[in-house]
Amino acid sequence: MAGRVLGEERKVVTILFADVIGSTTLGEQLDPERLRALLGTYFSAMAAIIESWGGTVEKYIGDAIMAVFGVPAVHEDDAERALRAALEMQVRLGELNAAFTRQHQVSLQIRIGVNTGEVVAGTGEAANQQIVAGDAVNVAQRLEAAAEAGSVLVGERTFATAERAFRFADPLTLDLKGKSEAARAYPLIEALPTPGRGMRGLNAPMIGRERELAALLGLMDETVETGQPRLVVVYGPAGIGKSRLTREFLEEALRSRPELRVLRGRSLSAGHGITYWALGEILRGACEIGLDEPIEVVRERLRSGVAEVLSPLGLPADDADRTIASLATTVGIQLDTGDGQESAPASADELARAWPRFATAYAARGPAIWVVEDLHWAGEPAVEMVAQIARRTEGPLLLVATARPEFADDHPGFGPGGQDAFAVSLRPLTERQAGDLVNQLLAVAELPEDLRAEILTKADGNPFFVEEILQRLIDEGALQRDGDHWRPTATVRAVQIPDSVQGLLAARIDALSPEERRTLQEAAVVGRTFWKAGLEGVVETEQLEPALAGLERKGLVLIRSTSSFSGQTEYLFKH
């Protein structure tokens, strides 16, 4: 059975429970056939939303839905996905109720509970059974039962993981059935337009990225001096500091060249209508269109805004109109053709002409920077469009994209290779640099040396990991502010990996091939250091070599230059 991972495993997942309130009364108002049809429509709509955010409907219990985010595969943002799904379920129910009222003279109310925790889940063929078990499931159901009608109640671990992306009401203290201690729960209000980053109320200067910053500034100078476009991809694993470097670069570039104009877009990992989301944000930014604008306002601002940008090109009216209509497709809008009909969605060829034309016109007014963050989440059409913009645009436009290393593996023809394409790769911070980051974030007095060493070891040079570990120590009361300093308390203990960090690592593991994952699991039994020879008896020989090479290429293990055993290749886990 080599190469296939079967059985059970422990996972940190997010559970969503949603239940219809007052179903007994509905049964009294509607005959069985109509009630079944109504609930069928409701269940189908809710399941579609859950699945669109990467969740799995585990089961239906009467009128309740239980969904899991993290099975069969963990995503680093499962908690956030679950909360976005919960909010969308409420909105969709409002739309359904309008139809239910017209057709059946009734409406539905639901309440939702969301909780994150450790469960036991099936793997391999066992995953098809879609059964998870653990206290986290029970707590999610209890939270749902405690929620008010039309509300979402969130458990503490979900809140801790997703609090920077949502707004919550003040916490509630609940006595949940079956729990010996009171639990804290947080009513969910709404998603924030832009998720927060970094530690709450604490900041540190960027550390260890001076060379990379200089490289980006040099490319900006070259773009301006030559009057030609440039494309640079900033590569690095999650949390390594791509967004921070980009932010520092933009601030420094604008200080030295105030005439620069900057537009930004970000690819999304999940959601609806996200094919060209990053480019849509750039277009909205150029036309000053908010996400919550009415559709007619969006159409008018697209027409006038794009026409204004295109004006330096002196295009014939028909060409300008076609370009505007094609760009509108990027944000999911069809414009009125003038005869009362909506324009047809633009083809790939039309978009490939419209976007470079728009970029050329934008750069004609002066040097500009377009930032496309998280390009690894983008689908093929968006990736190809960014490449087309870089190849076909004329004028001083610097395209800055950020991506994880796997993007280069998946798109070997993108980025470096063309004369106008460059790459900047971010490496983990050195131990000294990571220590400086700790000191800058927290002026810590008397931090135990063993605790400090454990923080640096587990963070492994990743700035995000450093911040999340420190934030957890603060949240747990292990570090408390004392004037201008932070002091360890009596509760300080071994460093625990926060769910936010664990989610990133678990998502990387779940994305491995079955052979790579099997090899990784068997190696973990040996310890942080292991040897190829120790795996030859449990992983088939023809699979072992490519699996180890894949794990090394993906940054999960590294080969040591020396070995404790003569003639044996020695490997080391990176986290």
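Computed from a predicted model, the values in this text were never measured in an experiment.

Novice: How should I be thinking about the layout of surface pockets in this particular structure?
Specialist: Estimates place the volume of the second largest pocket at around 1,100 Å³. Looking at the second largest pocket, it is lined by 42 residues, and the ones nearest its centre are Arg404, Pro405, Glu406, Arg508 and Lys554. Every element with two or more residues in the lining of the second largest pocket is listed here: helix H13 (405-410), strand E14 (421-425), helix H17 (499-510) and helix H19 (541-553). Residues of the lining of the second largest pocket, tallied by class, amount to 19 nonpolar, 9 polar and 14 charged.

Novice: Help me understand the confidence of the model for the protein chain, please; the structure alone is not making it clear to me.
Specialist: The predicted coordinates of low-pLDDT regions are not to be read in fine detail. Averaged over the protein chain, the pLDDT score is 87; the fraction of residues at 70 or greater is 93%. The low-confidence segment residues 1-5, where pLDDT is below 50, has 16 contacts with residues more than four positions distant or belonging to other chains.

Novice: Any chance you could explain a negative patch on the surface here in plain terms?
Specialist: A contiguous patch of negative charge on the surface is contributed by Glu380, Glu406, Asp409 and Asp410. If you tally residues by element for the negative patch, the top one is H13, at 3 residues. Among the residues examined, aspartate 409 registers a relative accessible area of 44% and is labelled partly exposed.

Novice: Please explain the domain arrangement of the protein chain as it appears in this structure.
Specialist: It is common to report an interface's size as the accessible area lost on association of the parts. When its domains are assigned, the protein chain resolves into domain 1 (8-176), domain 2 (209-425) and domain 3 (431-572). On a C-alpha basis, the centres of domain 1 and domain 3 stand 33 Å from each other. Each partner contributes to the interface: domain 1 provides 13 residues, whereas domain 3 provides 11 residues. Between domain 1 and domain 3, roughly 920 Å² of surface is buried when both sides are summed, and carbon and sulfur atoms account for 41% of that area. By the criterion of area lost to domain 3, the three top residues of domain 1 are Val74, Glu76 and Arg164, representing 47% of everything that side buries. At the surface where domain 1 touches domain 3, the tally comes to 4 salt bridges.

Novice: Help me understand unusual backbone geometry, please; the structure alone is not making it clear to me.
Specialist: Note: most peptide bonds trans; most residues except glycine with negative phi. Here the bond from valine 71 into proline 72 is cis, since omega is 5°, no more than 30 degrees from zero. One can find proline 72 in the loop between strand E3 (64-69) and helix H3 (78-104). With phi around 60°, glutamine 105 is a residue other than glycine that occupies positive phi space. Backbone geometry at aspartate 460 places phi at a positive 50°, although glycine is not the residue there. Along the chain, aspartate 460 falls in the loop between helix H15 (449-459) and helix H16 (463-475).

Novice: Please explain the sheet that holds strand E19 (residues 570-573) as it appears in this structure.
Specialist: In sheet architecture, strand pairing relies on hydrogen bonds along the backbone and comes in two forms, parallel and antiparallel. If you trace the 3 strands from one edge of the open sheet to the other, you get E17-E19-E18, paired in antiparallel fashion. Across the chains shown, the open sheet's two edge strands, defined by having one partner strand only, are strand E17 (529-531) and strand E18 (557-559). Between one strand axis and the next, the sheet turns by 30° as a mean value, whatever way the strands run. Of the pairings in the sheet, the one linking E17 to E19 comprises 3 bridges and is antiparallel in character. Bridged to phenylalanine 530 within E19 is tyrosine 571. In the packing of helix H18 (residues 514-526) onto the sheet, contacts are made with E17, E18 and E19, and the angle to E17 comes to roughly 115°. The sheet strands contacting H19 are E17, E18 and E19, and the helix crosses E18 at an angle near 105°.

Novice: Explanation requested: the packing of helix H8 (residues 277-287) against helix H11 (residues 348-363) in the structure shown.
Specialist: A pair of packed helices is captured by two measures, namely the crossing angle of their axes and the spacing between those axes. Contact geometry for H8 and H11: axes closest at 13 Å, N-to-C directions at 40°. When the interaxial angle is binned, H8 and H11 end up oblique. As H8 packs across H11, the resulting crossing turns out to be left-handed. Contacts between H8 and H11 involve Leu279, Ile282, Leu283 and Ala286 on the former and, on the latter, Trp355, Phe358 and Tyr362.

About the thresholds
Residues numbered from 1 in each chain as written. Predicted model: local features only at pLDDT ≥ 70, side-chain atom pairs only at ≥ 80, totals over all residues. Heavy atoms only, no water. 1 Å grid on protein atoms, 1.4 Å probe; cavity = no way out; pocket = protein on both sides within 12 Å on 5 of 7 lines; lining within 4 Å. Points joined across faces, edges and corners; volume = space filled by probe spheres on them. Helix = DSSP H or I, 4+ residues; strand = E, 2+ residues; numbered from the N terminus. Nonpolar A, V, L, I, M, F, W, Y, C, P; charged D, E, K, R; others polar. pLDDT = per-residue confidence, 0-100. Contact = heavy atoms within 4.5 Å. Patch = residues over 30% accessible without salt bridge, like charges linked within 9 Å, V, L, I, M, F, W, Y side chains within 5 Å. Areas by Shrake-Rupley, 256 points an atom, 1.4 Å probe, with all protein chains shown as cover. Salt bridge = Lys/Arg side-chain N within 4 Å of Asp/Glu carboxyl O. Lys, Arg positive; Asp, Glu negative; His and termini not counted. Charge placed at Lys NZ, Arg CZ, Asp CG, Glu CD. Buried < 20%, exposed > 50% of the residue type's maximum accessible area, 1.4 Å probe, protein only. Domains from an automatic or database assignment. Buried area = accessible area lost by both parts, 1.4 Å probe. Pairing = 2+ DSSP bridges. Axes fitted to C-alpha atoms, helices over the stretch in contact; angles between N-to-C directions. Parallel < 35°, antiparallel > 145°, perpendicular 65-115°, else oblique. Left-handed = near helix turned anticlockwise from the far one by under 90°.

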